[in-house]
Amino acid sequence: MRTLVSQLTTTFVDDAIELVKGFGKIIVHVATAPIERMANACDVGGVLARRQSARRLRAMMKAHHPRSPWKRSLSPFASLHYLT
């Protein structure tokens with residue numbers, strides 16, 4: 001049986017990790033926003049819009065398959081993979 005102190009410590013550490021992850025996502029979003037705007041402005045043929053809609057469709061189809069926590073991308077620029 002876990003003690004109250006170990007349970008509080010685990011909860012605090014888990015919350016601190018999630019807080020850091022949240023701040024990290026905000027920083028990455030702010031850093032990549034100008035790149036996203038330039039990419040969307042240069043997308044004359046609508047290629048990025050088609051790729052994004054296809055990605056959303058795949059995500060909806062895959063929603064009932066839970067994602068493994070070990071398959072996370074380590075790069076903060078992984079969300080820009082469709083620009084290549």
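Before reading further, recall that the structure is shown in the block above.
About the cut-offs
- Residues numbered from 1 in each chain as written.
- Predicted model: local features only at pLDDT ≥ 70, side-chain atom pairs only at ≥ 80, totals over all residues.
- Heavy atoms only, no water.
- Helix = DSSP H or I, 4+ residues; strand = E, 2+ residues; numbered from the N terminus.
- Buried < 20%, exposed > 50% of the residue type's maximum accessible area, 1.4 Å probe, protein only.
- Areas by Shrake-Rupley, 256 points an atom, 1.4 Å probe, with all protein chains shown as cover.
- Salt bridge = Lys/Arg side-chain N within 4 Å of Asp/Glu carboxyl O.
- Expected span 1.5 Å × (residues − 1).
- Bend = angle between axes of the 7 residues up to and from the residue.
- Contact = heavy atoms within 4.5 Å.
- Patch = residues over 30% accessible without salt bridge, like charges linked within 9 Å, V, L, I, M, F, W, Y side chains within 5 Å.

Colleague: What am I meant to see in the overall build of the chain here?
Modeller: The secondary structure content of the chain amounts to two helices and zero strands. Going through the 84 residues of the chain one by one, you find that 11% of them count as buried. Working note: accessible area of the chain is about 7600 Å², and carbon and sulfur atoms make up 70% of it.

Colleague: Sorry, what's going on with the pattern of salt bridges here?
Modeller: Oppositely charged side chains may form a pair once their charged atoms are brought near each other. Taken as a whole, this structure holds one salt bridge when the rule is applied. Residues Glu18 and Lys21 are paired through a salt bridge, measuring 3.5 Å at the closest nitrogen-oxygen approach. Linking Glu18 with Lys21, this pair stays in helix α1 (residues 4-42), spanning three residues, or about one helical turn. A relative accessible area of 36% places Lys21 in the partly exposed class.

Colleague: Can you walk me through α1 in this structure?
Modeller: Relative to the 57 Å expected for 39 residues at 1.5 Å per residue, α1 spans 56 Å between its end C-alpha atoms, a close match to the ideal helical length. Thr32 marks the point of greatest bend in α1, at about 40°, and the proline Pro34 comes within the next four residues. Taken residue by residue, α1 has Thr32, Ala33, Glu36 and Ala39 as its buried positions. Its buried side turned inward, α1 meets α2 (47-62).

Colleague: Even after reading the chapter, I still don't get the environment of Leu83, so can you show me in this structure?
Modeller: Among the secondary structure elements, Leu83 is positioned in the segment after α2. Every residue in contact with Leu83, bar those within four places of it in the chain, is listed here: Ile35, Ala39 and Leu48.

Colleague: Explain a nonpolar patch on the surface to me, please; I cannot follow it from the model alone.
Modeller: Among the surface-exposed residues, Leu19, Phe23, Ile26 and Val30 lie close enough to one another that they form a single nonpolar patch of about 420 Å² accessible area. You can see Val30 is positioned in helix α1.

All we've got here are geometric facts, nothing functional implied.
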